[in-house]
Amino acid sequence: EDVGEGFPATGRDARHVKTHLDNYKLLDFSPLLNTASYVNVVAEREEEEVALSGLKVNIADQTIYPGSFKLHNDALNMLGDLWHLPKSASFDEYGCHAGACTVGSTEACLLAGLALKFRWRKWYAARHGLSESEVRSVYPN
C-alpha cells in the first residue's frame, strides 16, 4: 500500500514514512537546482540548528515560552526600524511594533505588501484631499 495514496489503513513505521517523504524531495531540495526563487536556500549549519530548535516551541502561548515571544517582538522591532516605521502611541506600553512574524518569505512579502498598500492609501488621501473610503475607488488599489 502506497502512503502517497492518502491516509493508510494502518500506521506506518517512522523510518518508512521518512524514506517516502525523502523520495518526494530528491530533486526539489537541491539548493543548486533552485533557480526559480529569490530566496536563499543554502544555509549554514548553525542556521539550520536554530531553525530546528524552533520546532519545539509554540509561539502562540507567550506565557509558556516568554523567551521565544521576546525574540518575536525583537524581530518585529528590527523590521520596523529597518523600514523606519514610526512608533505607535502604544509602543512604550507593549515594547514592540504591531505585527506578526511569519514562517515563510512569501507570507512576509504579502503582509509587507498589504502594509504598504494601507500606508499608500493614507498618503494618497492626504495628498489629494480625499477620505480613505474615496481612495478605495482609485485604481490600482
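Residues numbered from 1 in each chain as written. Predicted model: local features only at pLDDT ≥ 70, side-chain atom pairs only at ≥ 80, totals over all residues. Heavy atoms only, no water.

1. Regarding the packing of aromatic side chains
- Here the structure, examined in full by the defined rule, presents two aromatic pairs.
- By the ring-pair criterion, three or more aromatic residues cluster together here, those being Trp-120, Trp-123 and Tyr-124.
- Residue placement shows Lys-87 over the ring face of Phe-91; its charged tip is 5.0 Å from the ring centre. (Phe/Tyr/Trp six-rings, centres within 6.5 Å; stacked < 30°, edge-to-face > 60°. Lys NZ or Arg CZ within 6 Å of the ring centre and 35° of its normal.)

2. Digging into helix H5 (residues 105–128)
- Along its 24 residues, H5 runs 34 Å from first to last C-alpha, staying within 8% of the 34 Å computed at 1.5 Å per residue.
- Buried residues of H5: Ala-112, Arg-121, Tyr-124 and Ala-125, and no others.
- In the core, the buried residues of H5 are packed alongside helix H6 (132–135).
- In the stretch just after H5, Gly-129 is the one whose phi turns positive, near 65°. (Helix = DSSP H or I, 4+ residues; strand = E, 2+ residues; numbered from the N terminus. Expected span 1.5 Å × (residues − 1). Buried < 20%, exposed > 50% of the residue type's maximum accessible area, 1.4 Å probe, protein only. Contact = heavy atoms within 4.5 Å.)

3. Regarding the confidence of the model for the chain
- With 84% of its residues at a pLDDT of 70 or more, the chain has an overall mean of 82.
- Of all the helices and strands in the chain, H6 carries the lowest mean pLDDT, 85, while helix H4 (residues 91–94) carries the highest, 92. (pLDDT = per-residue confidence, 0-100.)

4. A few points about the pattern of salt bridges
- Within the structure shown, the criterion is met by six salt bridges.
- Lys-18 is the salt-bridge partner of Asp-22, the closest N and O atoms lying 2.7 Å from each other. Taken together, the residues Asp-22 and Lys-18, both in helix H1 (residues 14–24) and four residues apart, mark about one turn of the helix.
- Its relative accessible area of 23% is what places Asp-22 among the partly exposed residues.
- Under the relative-accessibility criterion, Lys-18 is labelled exposed at 51%.
- Here Arg-45 and Glu-46 are joined by a salt bridge, their closest N and O atoms 3.4 Å apart.
- Taking the relative accessible area as the measure of exposure, Arg-45 reaches 55% and is therefore exposed. (Salt bridge = Lys/Arg side-chain N within 4 Å of Asp/Glu carboxyl O.)

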